[in-house]
Amino acid sequence: MVMNYMLSEEEQMMVETARNIAVEKMKPVREHYDEKEEFPWEIVKEFAQADLCGVYIPEEYGGFGKGIMGLVLVVEELCKVDGAIALSLAATTLGTLPILITGNEEQKKKYLPDIASGKKLAAFGLTENGAGSDATGMTTTAVKEGDYYILNGTKCFITNGGEAETYTIFAKTNSSKGPRGISCFIVEKGTPGFEFGKKEKKMGIRASSTRELIFKDCKIHKDNLLGKEGHGLMIAQATLDNSRPGVAAQALGIAAGALDEAVDYARKRIQFGQPIASFQGIQHMLADMATEVEAARALLYASARMIDAGTSKRTSKESAMAKLFCSEVAMKVTTNAVQILGGYGYSREFPVEKMMRDAKITTLYEGTSQIQKNEIALNLIKESAAKSK
Amino acid sequence: MNIIVCIKQVPNTTNVQIDPQTGRLKREGVESIINPYDEYAIEEGVQLREKFGGKVTVITMGPPQAESALREAIARGADEAILISDKAFGGADTLATSYTLSKAIETIDDYNIIICGKQAADGDTAQVGPAVAEILNIAHVACVKKIECVDKNSIKVERMMEDGYDLIESSLPVLLTVVKEINNPRVPSLKGKMLAKKAIIKTLDANSIGADIKRIGLSGSPTQVVKTFSPPQRTGGEKFVGDAKEIASNLVKRLSDLGLI
């Protein structure tokens, strides 16, 4: 039995659709994609066919119009089975949100319908070798020449890199302005001067492609500038406020999947003549895991509902809290699932070691847990200062 | 290309139990699903429509609750659905069912292909599809694993055999029964589910299909079930333990005692 979160009929429909795909289509192939480190195009086609790619995109642009909550429900359900294959969809959201949040009508009409239908994937290009937690350290530049910007530089660790068609890329348009000198551009795959570099070999999320993006005198028309020049960092922040619940949902899904595996195994595994689930030591571990997963879910759903309600100007704190808590829970729960399965948990015969490897990334990307804490604390201090004015 | 797909709502056999007293299926609390073979039939119909245009009409004979199977078929891509439902149809065997389905199909003006699943997961007879074709007096091919090509007047299909396949060409209209090798059914889409929720399901009774009352339901069924029972549960076999030589000599002795060698 699951906690009742008063999901609407349409929300339940999304959960059911995602579950069908996860169980019928993803489960039989998850080991294959992990082992081979291939991009799961056959499953992306299933997401597209089932209308899952655009659940958060408004209906006027071909989506299902169910907001961040819709995204969270779908990502969680898919990640219960596999957090790596589902990332093709979740990372597309990250690449799409800058267009959705700050794009003008032409840009939205041009790019969103193909993403909503699943015809194209998207990716988000912010990180560089020297610019991880500190995005202002980036060295990629965009120099204006007439109607064009000329991009030069290299992005790294870009999820969906090489596979996506539509990229939202951050570059410095004015180095002397620091954080206010960064701008955001839409760059399409195939644009001359835009190439793909090294593909990362990773601990987990191995079905996901993580690559370098290389820009060498890449000419981008000024119509592809998102928002205004110098607004890049604000766009990135607003994007992350909306996308971090997606990472939290990935973490939550992985944790919930690992919990199910652990309970199932503990009921069936006989040691000392009885199921190990009859031992209080195991019971207390399972109880802690289940409570943490439910608490993570409650926090995440509340944050997603708050974002969708649109009543708060900023939701940085709530998004960061959801991402911090869910990802740390995912790490704890998957580690304990491996512990409960013992040697079998460590073996690739069972899915929990993969869940543990996949969970780790959620405490790292879209801001490490430490960066989330900075965000939360900064907002706490700001809120308190505003009150005492 | 107008396609009719015949489906059946069946109990989900992965968790069905048989009442040892009555020998009947315990239907209470058992989820009803679209017969798994019929999912391939729906998918094939939808793929044909996507290629050639036209529409896919799904029909089923069953109690009013079979409407949920039809709605799911719409979520899986079908355009229209017809429920053939009447108390008089109850207890029909395969012949009466085939007759009833064919009478309902006769109310549909224009169709090129009828697709059915190979067999139903509950009855397992594989008779209804071919029997419908016989009553309608059209060609049929059973156990189709691939549609090679279709044009205005003919179709070429691969019929699965134990040791390969037959390549068969047939005139249209034709009835095909399909096996699971034919395709990979899609998961119902969100937009499909929204359409399914709103869809109006046409219902036909015995009168509206002009059925001969003597050929429908239990009384119209030449097959009457006399008794159903669950076979006794098998007990475990005999186990010989020890080293190989010991096991072998005990086994030979036992078989010889039983007069088997």
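One can find the structure itself at the top, above this paragraph.
Points about unusual backbone geometry
Working step 1: Backbone torsion omega between Leu172(B) and Pro173(B) reads -5°, so that peptide bond is classified as cis.
Working step 2: Within the secondary structure, Pro173(B) is located in the loop between strand E9 (164-171) and strand E10 (174-178).
Working step 3: Positive phi values are uncommon outside glycine, yet Asp51(A) reaches one of about 70°.
Working step 4: Summarising the element assignment, Asp51(A) is placed in the loop between helix H3 (41-49) and helix H4 (67-79).
Working step 5: Residue class for Asp51(A) comes out buried when judged on the 23 C-beta atoms lying within 10 Å of it.
Working step 6: Not every positive phi belongs to a glycine, and Phe157(A) is a case in point at roughly 55°.
Working step 7: Among the secondary structure elements, Phe157(A) is positioned in strand E3 (residues 148-159).

Focus on the pairing of strand E1 (residues 2-6) of chain B
Residues and elements named next belong to chain B.
Working step 1: With respect to burial, E1 is a largely interior element, five of its five residues being buried.
Working step 2: Judged by which residues are buried, E1 turns out to be covered on both faces: Asn-2, Ile-4 and Cys-6 on one side and Ile-3 and Val-5 on the other are all buried.
Working step 3: Note that E1 and strand E4 (residues 55-61) share five bridges and pair parallel. What sits directly across from Cys-6, in E4, is Ile-59.
Working step 4: Strand direction decides the pairing type here: E1 and strand E6 (residues 113-117), joined by four bridges, are parallel.

Here's the deal with helix H10 (residues 352-360) of chain A
Since the α-helix advances by 3.6 residues per turn, residues separated by three or four positions end up pointing in the same direction.
Working step 1: By the criterion of burial, H10(A) is predominantly enclosed, with seven of the nine residues buried.
Working step 2: In this fold, the buried residues of H10(A) make contact with helix H2 (30-36), helix H7 (232-268) and helix H9 (316-346) of chain A.

Some details on the environment of Asp19(B)
Working step 1: Locating Asp19(B) in the fold gives a position in the loop between strand E2 (9-11) and strand E3 (32-34).
Working step 2: Since 12 C-beta atoms lie within 10 Å of it, Asp19(B) is described here as exposed.

What about the interface of chain A and chain B?
Working step 1: Contact with chain A, which involves 12 residues of that partner, is made by seven residues of chain B.
Working step 2: Among the secondary structure elements, those contributing two or more residues to the side of chain A that touches chain B are helix H1 (9-26) and H3 of chain A.
Working step 3: Here the side of chain A that touches chain B gets seven residues from one element, more than from any other, and that element is H1(A).
Working step 4: Of the residues in the side of chain A that touches chain B, the class split is five nonpolar, three polar and four charged.

Some points on the packing of helix H5 (residues 87-102) of chain A against H7(A)
Residues and elements named next belong to chain A.
Working step 1: Where H5 meets H7, the closest approach of the two axes is 9 Å, and the angle between their N-to-C directions is 155°. In this view, H5 runs roughly antiparallel relative to H7, as classed from their interaxial angle. Between H5 and H7 lies a crossing of right-handed hand. Each of Leu-87, Ala-90, Thr-93, Leu-94, Leu-97, Pro-98, Ile-101 and Thr-102 in H5 lies in contact with H7, whose residues at this interface are Ile-235, Ala-238, Thr-239, Asn-242, Ser-243, Gly-246 and Gln-250.
Working step 2: In terms of residue class, the contact of H5 with H7 is made up of eight nonpolar, seven polar and no charged.

Quick notes on the pairing of E4(B)
All names here are of chain B.
Working step 1: Burial analysis of E4 places six of its seven residues in the buried class, the great majority of the element.
Working step 2: As judged from the five bridges shared by E4 and strand E5 (residues 80-84), these two strands associate in the parallel manner. Counted as the bridge partner of Met-61 is Ile-84 from E5.
Working step 3: With helix H2 (residues 67-75) bridging E4 and the parallel E5, this β-α-β connection has right-handed handedness.

About the cut-offs
Residues numbered from 1 in each chain as written. Chains lettered and ligands numbered in written order. Predicted model: local features only at pLDDT ≥ 70, side-chain atom pairs only at ≥ 80, totals over all residues. Helix = DSSP H or I, 4+ residues; strand = E, 2+ residues; numbered from the N terminus. Buried ≥ 20, exposed ≤ 12 C-beta atoms within 10 Å, placed from the backbone. Pairing = 2+ DSSP bridges. Contact = placed C-beta atoms within 7 Å. Nonpolar A, V, L, I, M, F, W, Y, C, P; charged D, E, K, R; others polar. Axes fitted to C-alpha atoms, helices over the stretch in contact; angles between N-to-C directions. Parallel < 35°, antiparallel > 145°, perpendicular 65-115°, else oblique. Left-handed = near helix turned anticlockwise from the far one by under 90°. Right-handed = clockwise from strand over helix to strand, strands pointing away.

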